[in-house]
Amino acid sequence: MRAGVLTGIRLGLVSCESCGLLSRPLRVAEPGHCPRCGEELELRRHNAIQRTWALIIAAFICYIPANVLPVMVSNTLVSTEDDTILSGVVLLYETGSWPLALIVLIASVMIPLAKLSALAYLLITVQRRSIEGQNDRIRLYRIVEFVGRWSMLDVFVIAFTVALIQLQPLMSVEPGYGVLFFAAVVVLTMIAAETFDPRSIWDSSNE
Amino acid sequence: MTDHTDINNVPEAVAVPKKRMRFSVVWIIPIVAAIVAVGIAVQQILSKGPTINIVFKEAEGIEAGKTFVKHKDVKIGQVTKVKLTKDFTHVVVTASIDKSAAGLIVEDTKFYIEQPRVSLSGISGLGTLMSGNYIGIEVGKSTKAHYEFIGLEVPPPISIEEPGRRFILEADNLGSVGIGSPLYYRRLNVGQVIGYDLAENGRSVTIKVFVKAPYDKYVTADTRFWQASGVDVSLGADGLSVRTQSALSVLIGGIAFETFGSFGDVKPAAEKAVFNLYGNRTEAAAKIEEVVTPYVLRFKEGLRGLSVGAPVTYLGFPIGEVTSVRLEGDMMTGDIHPRVDIVIYLGRFVRHMKKVDTAKEMGMSLQERRPTVQRLVDRGLRAQLKSGSLVTGQLYVAFDLHKDAPRVKIDFTKSPPELPTVPSGLADLQEKLQSILARLEGLLKRADEEVVPEAKKTLEELRGVLKSVDTTVVGKDAPMQQDLRETLQEINRAAQAVRGLTESLERNPDAIIRGKTQEKP
């Protein structure tokens, strides 16, 4: 983006995020509420960086048990087996279906990690007021937002499996704690992506 | 900025007073996440029970991560590792036990691999056909925790918690008893054999049995155990006898017990009390006689066919049995002869008698009974070996009254006192036969010496007589011969005349009435 472009902040104006009404803020620190719809006005999303950081850190914390704890406990007459995401990948690979193993590995292990890393990277660059590669960064942000909704696939699969495979006493599948953490990772990452204010990417170049 | 009307027309925002927080509430999320994650980690660590190592001979059907440790069919742990010992002779199975079950893992806890088993008392562990083998435990009573164990090869047949009592039986041999063989009380299956072992000196066998509650109270100090193994065929002096316990025990053997002649309520025997195991029921029942009087018999004859346990009879009534048969004597003088120890059961003796004060008789002491025994001996009471069966040649000791026996005084100072004997009928017969033969021999000898020369002389005389007979009677010109010839000629002529008569009579039968008629021309 070109520097010196006219922005709302430069004009001392703020647009409401829900109804889009342009208004003058009371003060820069506390812009007040939208006179039309009553929504709290923010020049930038309130505390966006801090919140995003909090969510990302929470997601990171959850990411560890999500991978360590079993996501699925399958009870058969013969045995009880605990499966973590990674053991599932290993099992798939060992049984010869390496494309499936790759899909699971990418979708369930690498993508959440990549999303978290991407958000962390965006936050760091914003905080360091970096003016480089702003277009690349917004593209990265869009990808993160887009991918987010597909990340719950694993959780859905497990939910379906658990509901369908209840052949007591021959076989039954129960969800493990891991799946809760996995869902938490996905949800927290999505919220974090939502909380992040992409406008802040250009803030530094406007000053 | 500028005083642009448009901008001035923009309404001013409404001020709403609000506290600002330095830190966003959002930080609660990572804190909660961290607390939950740490909480789960802590719970995982805390719930981790002890890890134990069990050494097995072989790890049949044991797989790391798939085999469980189960108590009462409840999963209490899981095998985490299976590997060989350093010398490759055994298998070390590492299992992590749930914290909740850690109390079960004590010093004397026993581990075994539960698998399908076909044993004497049935089939067990069929469930493992479906679920796979698992490690069973037999919880010990100790309270000391322990983490290294040696696994059993077979599961203990009786759980330590099963109410009942264990007893130890001593026997000469194991018979057909095995672990799991049933224990019968009045033909009820009330327990089983839980183990056996050779005695340390190798001369006997100790058998451990378990009697289930409430039947264990029937085992008292007077209880007798005997082998109810299979079919008990005994061919003794008292003939052929066949006994069986139950159809099952015929197949797999077993032990039975009973309290013979119990007197009121007797205290049950203590745990791990030691009992004798008798060969059969008769043997077990016999030993219960209260008044047992030992005696010694010395025979002059061979005792082949007399075995320990052979009956002792008085005029045909069984009153005791042989307890030992052996040789005794002086090695220096070479005077070695068989000695037979017997016992007389007064109870049986008295039982056969009519109108007798049993209690009084039984209550008499050995001293008091001595005159009776002496009186019997005075009247000719003698022990004798008799053949119980001609087929088997088994002998038994029979007391009979021999009227003509010489008087014997019993030496009651000896213990046990000796009772007089007479040679057996068989030996008697043998002796008599021998004396007959001896006499026959003497007879023959005398005949040889005295009769034969006499006979020779007689024979010579006889020959002279015969010669004279020859000349007077048999010679060609002997007068007797001539007379004889003439007589024969006379007879011949007479016979011819008779023939002529009969012929003419045939022709003219009426000639006998009318006389001879002239023949018609």
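Reading the values: rules and limits
- Residues numbered from 1 in each chain as written.
- Chains lettered and ligands numbered in written order.
- Predicted model: local features only at pLDDT ≥ 70, side-chain atom pairs only at ≥ 80, totals over all residues.
- Heavy atoms only, no water.
- Contact = heavy atoms within 4.5 Å.
- Buried area = accessible area lost by both parts, 1.4 Å probe.
- Salt bridge = Lys/Arg side-chain N within 4 Å of Asp/Glu carboxyl O.
- Polar contact = N/O pair within 3.5 Å; in protein donor to acceptor, adjacent residues only side chain to side chain.
- Helix = DSSP H or I, 4+ residues; strand = E, 2+ residues; numbered from the N terminus.
- Nonpolar A, V, L, I, M, F, W, Y, C, P; charged D, E, K, R; others polar.
- Phe/Tyr/Trp six-rings, centres within 6.5 Å; stacked < 30°, edge-to-face > 60°.
- Buried < 20%, exposed > 50% of the residue type's maximum accessible area, 1.4 Å probe, protein only.
- Pairing = 2+ DSSP bridges.
- Axes fitted to C-alpha atoms, helices over the stretch in contact; angles between N-to-C directions.
- Core = buried A, V, L, I, M, F, W, Y, C linked by side-chain atoms within 4.5 Å.

Some points on the interface of chain A and chain B
Taken residue by residue, the interface counts 35 residues in chain A and 31 residues in chain B. Across the chain A/chain B interface, buried area totals approximately 2800 Å², and carbon plus sulfur atoms make up 66% of it. Three residues stand out in chain A for area buried against chain B, namely Arg-24, Leu-26 and Gln-50 of chain A, and they jointly supply 22% of the buried area on that side. One can count zero salt bridges joining chain A with chain B. Our count for the chain A to chain B interface comes out at zero residue pairs in polar contact (both at pLDDT 80 or more). Put simply, the parts of the chain that give the side of chain A that touches chain B at least two residues each are α1 (8–11), β2 (22–23), α2 (48–68), β4 (80–83) and α7 (177–195) of chain A. Among the elements that take part in the side of chain A that touches chain B, α2 of chain A stands out by supplying 10 residues, more than any other. In terms of residue class, the side of chain A that touches chain B is built from 20 nonpolar, nine polar and six charged.

What about the packing of aromatic side chains?
Residue and element names in this part refer to chain B. Under the criterion given, the structure shown has seven aromatic pairs over all chains. Ring geometry for Tyr-185 and Tyr-218: centres 5.1 Å apart, planes at 5°, overall stacked. Remark: Tyr-218 occurs in the loop between β13 (205–212) and β14 (224–227) and Tyr-185 occurs in strand β11 (residues 182–185); sequence separation between them is 33 residues. Residue Tyr-185 is classed as buried on the basis of its relative accessible area, which comes to 11%.

Re the sheet that holds strand β6 (residues 171–175) of chain A
Residues and elements named next belong to chain A. Pairing is antiparallel across the open sheet formed by four strands, whose spatial order is β4-β3-β6-β5. If you trace the sheet from one side to the other, it starts and ends with β4 and β5 (166–167), each paired once. Pairing analysis gives two bridges linking β5 to β6, with the strands arranged antiparallel. Paired with Leu-167 across the two strands is Met-171, which belongs to β6. Contacting β3 (72–76), β5 and β6, helix α6 (residues 153–164) runs over the sheet at an angle of about 145° to β6.

Description of the environment of Trp-98 of chain A
All names here are of chain A. Within the fold, Trp-98 resides in helix α4 (residues 98–127). Taking the relative accessible area as the measure of exposure, Trp-98 reaches 53% and is therefore exposed. In this structure, Trp-98 is in contact with Leu-92 and Tyr-93, ignoring residues within four places of it in sequence.

Digging into the nonpolar core
In this structure, Leu-119, Phe-181 and Phe-196 of chain A are the most contacted members of the largest nonpolar core, which totals 43 residues. Of all elements in the fold, only α2, α4, α5 (134–148), α6, α7 and α8 (200–206) of chain A together with α2 (28–47) of chain B reach the threshold of two or more residues within this core. Here the element with the most residues in this core is α7 of chain A; it accounts for nine residues. Residues Leu-303, Val-322, Val-340 and Ala-383 of chain B belong to the second largest nonpolar core, which totals 24 residues.

By themselves, these figures tell us nothing about what the structure is for.
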